[in-house]
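One-letter residues, chain by chain:
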Amino acid sequence: MLPERELKRTARQMNLRGFGPEQQQRLYDAHVLVIGAGGLGCPIMQTLAATGVGRITVWDDDTVDLTNIHRQILFGASDVGRSKVDVAAERLRALQPDIQVTAVNDRLSPDNFIEALEGIDLVIDGSDTFATKFLAADAAEVTGTPLLWGSVLRYRGDIALWHSGPGAPADGVGLRDLYPTQPDADSVPDCATAGVLGVTTSVVGSLMSTEAVKFLAGIGEVQAGRLHMYDALSATMRRFTVTRDPARELATHLGTYTEACSASTEGQSLFDALTAHHLPSLDVREPHEKAIADLPVPGMNLPLSEVERDPEAVSRALAQFSPGDEVVVYCAGGVRSEGFVDRHGALAETLGISLKSLPGGVQRWT
């Protein structure tokens, strides 16, 4: 039964047509696992706790940083340096005093994910790496756990419910029916590189939590494989239906999931030479990015925005290096620096210097 104060707290919600005490009880009895207390995880947990989900387990091994709080709305400036899951748990208990919050200051991996899904009614993926998303998709499919998936970048967000594996409908759809293989880590920039509008994460997170509430309470229409794509600048939503690939074999075990920032031999040797001051460097990030984090090396900063305004800026910058120099070009994640090397490598050769992009950028090596 609902505690008396929880009954009172959610009373106005139960005035809704088709949503009464039975639906509220289903929410209160539900156990949700949230992956990541970040830009998506924060609004998702805030909304679910406020709506009345009775038990939330959250996994995250990060601490609050000042750069987080423009979009990670459970945190404030006074929380900087604290464990994200600990702060999140405090905020959720303040919203719903009777909630059970399990805060796990750790990262989900192939070694612990299957066990973590025991007793879970819905797993919600608020992570921001391909590796974690495909790990979550496979773990959900191995155990037959419904998976609410979301991603956000720049001004756009995608959400979908996946359900495949044991106990799922015969035509159940999994993430790998849309994306059969994990993309190359460098094929899509992340939020640190491409940016993200803070309110977009709140909108997408709220859409995800709405789907979660509908699924858990048994109201409305929730269809596995229905992909929603939200565009903030036009305030529009597109919708597609992903169907089960009959030729795809369901996941029965967890495999290997490569993190975006895994080091290569070439990247390690470049970084070692750079930090030993054996090689000069050229940072192509913007000044506000440099203020957030940087490599512990001296070097030149040439923001790509300056290059766009003044194409001759590249020639002037490269002319400051000496013939024979091997210049390490870096950015946040390695995508922009690689593009810079591709575009301007020939010019550098005419000046007697060579350009090398640092794989993984500042995110990998700080």
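This one's a predicted model, so the numbers in the text were calculated from it and none came from an experiment.

## Describing the UniProt feature "domain: Rhodanese" (unreviewed entry) in the protein
And step 1. UniProt records the feature "domain: Rhodanese" (unreviewed entry) at residues 282–338, using the numbering of this structure.
And step 2. With 40% helix and 16% strand, residues 282–338 has end C-alpha atoms that lie 12 Å from one another.

## Remarks on the sheet that holds strand β2 (residues 55–59)
And step 1. Strands sit in the order β3-β2-β1-β4-β5-β6-β7-β8 across an open sheet of eight strands; the sheet is mixed. Looking at the sheet topology across the chains shown, the edges are occupied by β3 (100–104) and β8 (236–241). Between one strand axis and the next, the sheet turns by 15° as a mean value, whatever way the strands run.
And step 2. Pairing analysis gives five bridges linking strand β1 (residues 31–35) to β2, with the strands arranged parallel. Bridge pairing in β2 links histidine 31 to arginine 55.
And step 3. Contacting β1, β2 and β4 (122–125), helix α3 (residues 41–51) runs over the sheet at an angle of about 165° to β2.
And step 4. Strands β1, β4 and β5 (147–153) of the sheet are contacted by helix α6 (residues 130–143), whose axis makes an angle of about 165° with β5.

## Concerning empty space enclosed by the protein
And step 1. The tally for this structure, following the rule as stated, stands at one cavity of 30 Å³ or more.
And step 2. Here the largest cavity is characterised by a volume of approximately 70 Å³.
And step 3. Lining the largest cavity are 13 residues, with Ala137, Glu141, Ser164, Gly174 and Leu175 sitting closest to its centre.
And step 4. Counting residues per element, the ones that place at least two in the lining of the largest cavity are α6 and α7 (175–178).
And step 5. Here the lining of the largest cavity gets four residues from one element, more than from any other, and that element is α6.
And step 6. Looking at side-chain class alone, the lining of the largest cavity contains five nonpolar, four polar and four charged residues.

## Structural notes on the side chain of glutamine 24
And step 1. Inspection of the secondary structure puts glutamine 24 in helix α2 (residues 21–29).
And step 2. Among the polar contacts made by the side chain of glutamine 24, one reaches the main-chain carbonyl oxygen of threonine 51 at a distance of 3.0 Å.
And step 3. Contacts of glutamine 24, omitting those with residues within four sequence positions, involve Leu2, Thr10, Gln13, Met14, Phe19, Thr51 and Gly52.

## Details of the packing of aromatic side chains
And step 1. Taken as a whole and judged by the stated rule, the model has two aromatic pairs.
And step 2. Between phenylalanine 271 and tryptophan 365, the aromatic rings sit 4.7 Å apart at their centres with planes inclined by 20°, giving stacked as the arrangement. Placement of phenylalanine 271 in helix α10 (residues 265–275) and of tryptophan 365 in helix α15 (residues 361–365) is noted, with a sequence separation of 94 residues between them.
And step 3. On the accessibility criterion, phenylalanine 271 (13% relative accessible area) is buried.
And step 4. Between the NZ or CZ atom of arginine 364 and the centre of the ring of tryptophan 365, over which it lies, the distance is 4.4 Å.

## Quick word on the sheet that holds strand β11 (residues 326–330)
And step 1. Taken in spatial order, the four strands of this open sheet run β10-β9-β11-β12, and their pairing is parallel. Looking at which strands have only one partner, the edges of the open sheet turn out to be β10 (300–301) and β12 (354–357).
And step 2. As paired strands, strand β9 (residues 281–283) and β11 are joined by three bridges and run parallel to one another. Across the sheet, the residue bridging to serine 281 is valine 328, located in β11.

## A closer look at the pattern of salt bridges
And step 1. Scanning the model with the defined rule gives 23 salt bridges in all.
And step 2. Among the ionic pairs, aspartate 79 bridges to arginine 82, the shortest N-O distance being 3.5 Å.
And step 3. Exposure remark for arginine 82: the relative accessible area of 30% places this residue in the partly exposed category.
And step 4. Among the salt bridges present, the one from arginine 226 reaches glutamate 221, with a minimum N-O distance of 3.6 Å.
And step 5. On the basis of relative accessibility, which here comes to 13%, the residue arginine 226 falls in the buried class.

About the cut-offs
Residues numbered from 1 in each chain as written. Predicted model: local features only at pLDDT ≥ 70, side-chain atom pairs only at ≥ 80, totals over all residues. Heavy atoms only, no water. UniProt positions renumbered as here; feature names shortened; annotations may be inferred. Helix = DSSP H or I, 4+ residues; strand = E, 2+ residues; numbered from the N terminus. Pairing = 2+ DSSP bridges. Axes fitted to C-alpha atoms, helices over the stretch in contact; angles between N-to-C directions. Contact = heavy atoms within 4.5 Å. 1 Å grid on protein atoms, 1.4 Å probe; cavity = no way out; pocket = protein on both sides within 12 Å on 5 of 7 lines; lining within 4 Å. Points joined across faces, edges and corners; volume = space filled by probe spheres on them. Nonpolar A, V, L, I, M, F, W, Y, C, P; charged D, E, K, R; others polar. Polar contact = N/O pair within 3.5 Å; in protein donor to acceptor, adjacent residues only side chain to side chain. Phe/Tyr/Trp six-rings, centres within 6.5 Å; stacked < 30°, edge-to-face > 60°. Buried < 20%, exposed > 50% of the residue type's maximum accessible area, 1.4 Å probe, protein only. Lys NZ or Arg CZ within 6 Å of the ring centre and 35° of its normal. Salt bridge = Lys/Arg side-chain N within 4 Å of Asp/Glu carboxyl O.

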